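Here's the letter readout for the chains.
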Amino acid sequence: MKKEQYTWEDFRGIIARLRAPEGCPWDRAQTHQSLRGCMIEEAYEAVDAIRILSETGNSENLQEELGDVLMQVVLHSQIAEEEGLFNLEDVVDGISRKMIYRHPHVFGSVQADTPEKVLRSWEELKKKEKGDPAPEEEIAAVPRCLPALIRTQKIQKKLEKYYGAFQNDADSFREAREALDALERENDSAGAGKLAGSLLLQICNLLRLKGISGEEALADALENLLKIYEIEDSP
C-alpha cells in the first residue's frame, strides 16, 4: 500500500481499515471515552511544537503533531459513523457552515475591519445562533477538562461580567496577602490546601485583570527555572 504521496482519502481509508474487523485490536477497542486523554495529549504536543517552531525554525515536529491531532478527529468521526451518529462529512459540513455564518465580513456584506470588531460580530452571531443562555448556564458550560488556571480565569471573567465579582484588583491583592499570611501560619495540611487554593484563585484574577494568561505565565516561569539549572527540553 506504500505510495509516494498519500491523499486525504487514503488517510480516511487507513483509519477505517484500522477499525475494521480485521484491523488493529487496539484501534478497534477505542471509544470516544477512552480517547479523551489522547485528544488532550495530542493537542498539547501540537502547542509545544508551535513553541519549538518559534524557537528553532524547525517545522517538522509541528507537521507531525498536527497529523496526530488530525488522526484524533478522523478516528472519532469514524467511531461516530459506526455508531450511526454522524460521519466526517457531517463534521466538515458543520464547521464550514459555521465559518461562513460567523464571518459575514468575508462571505457577506458586513463591515468588520479590525480584530476587535470581528470578535464582537462573532459573539453577536453566536448568541443569535445558540440563544442567550442564563449566566449560570454559560458559566457551567466552561469545560471542566481545561487546565485549572485557564478554567479559573475564564470563569472569573464571566463572574465579573454577570455578577460584578472579581473586578477589583485591590480586593484580590488584599485577599491574596491574607491567604498567604494565613498559609504561613497553617500547620494542618487540609487547611493549608484550602488556603493555597484561595491564594491561587486571587493570583489568577490579578493576572487576568492585567491581561496575562496564568497558564502561560507559569509555563514561562518554569522554562526560565529550567534554564537556570541548564536543563533543556528535548524538541
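Bear in mind that the values here come from a model prediction, so they are computed numbers and not experimental data.

About the thresholds
Residues numbered from 1 in each chain as written. Predicted model: local features only at pLDDT ≥ 70, side-chain atom pairs only at ≥ 80, totals over all residues. Heavy atoms only, no water. Helix = DSSP H or I, 4+ residues; strand = E, 2+ residues; numbered from the N terminus. Buried < 20%, exposed > 50% of the residue type's maximum accessible area, 1.4 Å probe, protein only. Axes fitted to C-alpha atoms, helices over the stretch in contact; angles between N-to-C directions. Parallel < 35°, antiparallel > 145°, perpendicular 65-115°, else oblique. Left-handed = near helix turned anticlockwise from the far one by under 90°. Contact = heavy atoms within 4.5 Å. Nonpolar A, V, L, I, M, F, W, Y, C, P; charged D, E, K, R; others polar. Expected span 1.5 Å × (residues − 1). Arc of directions from axis to C-beta.

Undergrad: I would appreciate a short explanation of unusual backbone geometry in the present structure.
TA: Among all residues save glycine, negative phi is the norm, and among peptide bonds the norm is trans. In this model, F166 sits at a positive phi of 60°, which is unusual for a non-glycine residue. By secondary structure assignment, the location of F166 is in the loop between α9 (148–163) and α10 (169–185). When its relative accessible area of 23% is taken as the criterion, F166 is described as partly exposed. Positive phi values are uncommon outside glycine, yet E230 reaches one of about 55°.

Undergrad: When you look at the packing of helix α1 (residues 8–19) against helix α4 (residues 60–82) in this model, what are you seeing that I'm missing?
TA: The geometry of α1 relative to α4 is characterised by a closest axis approach of 10 Å and an angle of 55° between their N-to-C directions. Considering the angle they form, α1 stands oblique to α4. For α1 against α4, the interelement crossing comes out right-handed. In contact with W8, F11, R12, I15, A16 and R19 of α1, α4 contributes L70, M71, V74, L75, Q78, I79, E81 and E82. In the contact of α1 with α4, the residues fall into nine nonpolar, one polar and four charged.

Undergrad: So what exactly am I meant to see when it comes to α10 here?
TA: In an α-helix, one turn spans 3.6 residues; hence positions three or four apart end up facing the same way. Its 17 residues give α10 an end-to-end C-alpha distance of 25 Å, which sits within 8% of 24 Å, the value for a rise of 1.5 Å per residue. Taken residue by residue, α10 has S172, A176, A179 and A182 as its buried positions. Across the axial projection of α10, the buried residues extend over an arc of 135°, all falling on one side. In α10, the exposed positions angled more than 90 degrees off the buried face are occupied by R177, E184 and R185. For α10, the secondary structure elements touched by its buried residues are α11 (189–209).

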